[in-house]
Amino acid sequence: WELGDIAEFFLQDPATGRYLELHVTPENQRLQLLWPLGGLERFRAGTAPLDDFLIPDSRWVESHTGVTAGHWTARAFIPYSCLGLERPPCPPVLRTAVCRYDRSRGPELFSSTARLTEPNYHRHQEWAELRLLPPA
């Protein structure tokens, strides 16, 4: 993940602080993480290993990619259950960001759908609100 082109999907339940982080490569390789409140800080401080937050189940989420000359696309299907939520009649407001970094061709390229005030994708307080529609 530190050498190539990666799309990152972030989705958070603000009520619990829990959020998921999904890395997808153009070849559709994935890194799947679930961060509880304070989890990232414990990992960065060296008091918890990354494996504590890693989701090894390849069926946890679904992703698809497409690669053509000059660009690639990524799509992810993330069930409510990944955040510990049940499908409610009125969906909660979530926070989200879709980000990309490309280290494959020289200088790093960073981009995000979030209006980040510094280059740190984990600034969930700056992610956009995601309001899902209730089931029809």
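Before reading on, note that the structure itself is shown above.
This is a predicted model, so every value here is computed, not measured.

**Some remarks on the overall build of the protein chain**
Piece 1. Helix and strand content of the protein chain: one helix and eight strands.
Piece 2. Along its sequence from the N terminus, the protein chain presents helices and strands in the succession β-β-β-α-β-β-β-β-β.
Piece 3. Computed over its C-alpha atoms, the radius of gyration of the protein chain comes to 15 Å, within 12% of the 14 Å expected for a compact globule of 136 residues.
Piece 4. Dimensions of the protein chain along its principal axes, counting C-alpha atoms only, are 45 × 40 × 30 Å.
Piece 5. Relative to its 136 residues, the protein chain shows a buried fraction of 34%.
Piece 6. About 8,500 Å² of surface is accessible on the protein chain, with carbon and sulfur atoms providing 55% of the total.
Piece 7. Where the 14 positive side-chain charges of the protein chain centre and where its 17 negative ones centre are 5 Å apart.

**Some details on the pattern of salt bridges**
Piece 1. Overall, the coordinates contain five salt bridges when judged by the stated rule.
Piece 2. Between R100 and D5 there is a salt bridge, with its nearest N and O atoms 2.9 Å apart. Taken together, the residues R100 in strand β6 (residues 93–102) and D5 in strand β1 (residues 5–12) connect sequence positions 95 residues apart.
Piece 3. Judged by relative accessible area, R100 falls into the partly exposed class, the value being 27%.
Piece 4. Here D5 falls in the buried class, since its relative accessible area comes to 8%.
Piece 5. Among the ionic contacts, a cluster of salt bridges with common partners joins E118, R123 and E126.

**Considerations on the pairing of strand β2 (residues 19–24)**
Consecutive side chains of a regular strand alternate in pointing toward one face of the sheet and then the other.
Piece 1. Counted residue by residue, β2 has six buried out of six residues, so it is predominantly covered.
Piece 2. Neither face of β2 is open: one carries Y19, E21 and H23, the other L20, L22 and V24, and all of them are buried.
Piece 3. Strand direction decides the pairing type here: β1 and β2, joined by six bridges, are antiparallel. When the bridges of β2 are listed, E8 appears paired with H23.
Piece 4. As paired elements, β2 and strand β3 (residues 30–35) share six bridges and run antiparallel to each other.

**A few points about the nonpolar core**
Piece 1. Ranked by internal contacts, the top residues of the largest apolar core, which has 15 residues, are F10, Y19, W35, A97 and W127.
Piece 2. Non-local contacts of Y19, meaning those with residues more than four positions away in its chain, are made with F10, L11, Q12, L33, L34, W35, L40, L83, H122, H124 and W127.

**Notes on the environment of A114**
Piece 1. By the secondary structure assignment, A114 is in the loop between β7 (109–112) and β8 (128–131).
Piece 2. Since its relative accessible area comes to 9%, A114 is described here as buried.
Piece 3. Sequence-wise, A114 and Q125 are eleven residues apart; in three dimensions their C-alpha atoms are separated by 9.7 Å.
Piece 4. In this structure, A114 is in contact with A97, E126 and W127, ignoring residues within four places of it in sequence.

Rules used in this analysis
Residues take numbers from 1 onward in each chain, read along the sequence in its written order. Residue-level local features of this predicted model are given only where pLDDT is at least 70; pairs of side-chain atoms are given and counted only at 80 or more, and the full residue set underlies all totals for whole chains, interfaces and linings. Excluding hydrogens and water, the side-chain figures rest on all heavy atoms present in the structure. The numbering of helices and of strands both runs from the N terminus, where a helix is a DSSP run of H or I of at least 4 residues and a strand a run of E of at least 2. The globule rule is 2.2 Å times the number of residues to the power 0.38, and the radius of gyration it is compared with is taken over C-alpha atoms. A 1.4 Å probe rolled over the protein chains alone gives each residue an accessible area, and that area as a share of the maximum for its type sets the label: buried under 20%, exposed over 50%, partly exposed in between. Only the protein chains shown count as cover for residues, with accessible areas throughout obtained via the Shrake-Rupley method and a probe of 1.4 Å. The charge count treats Lys and Arg as positive and Asp and Glu as negative. His and the chain ends do not count. The atoms used to mark charge sites are NZ of Lys, CZ of Arg, CG of Asp and CD of Glu. One side-chain nitrogen of Lys or Arg within 4 Å of one carboxyl oxygen of Asp or Glu is enough to make a salt bridge. DSSP calls a pair of strands paired once it identifies at least 2 bridges connecting them. Here, nonpolar core refers to any group of buried Ala, Val, Leu, Ile, Met, Phe, Trp, Tyr and Cys residues whose side-chain atoms link them within 4.5 Å. Throughout, a residue-residue contact means that at least one pair of heavy atoms, one from each residue, lies within 4.5 Å.

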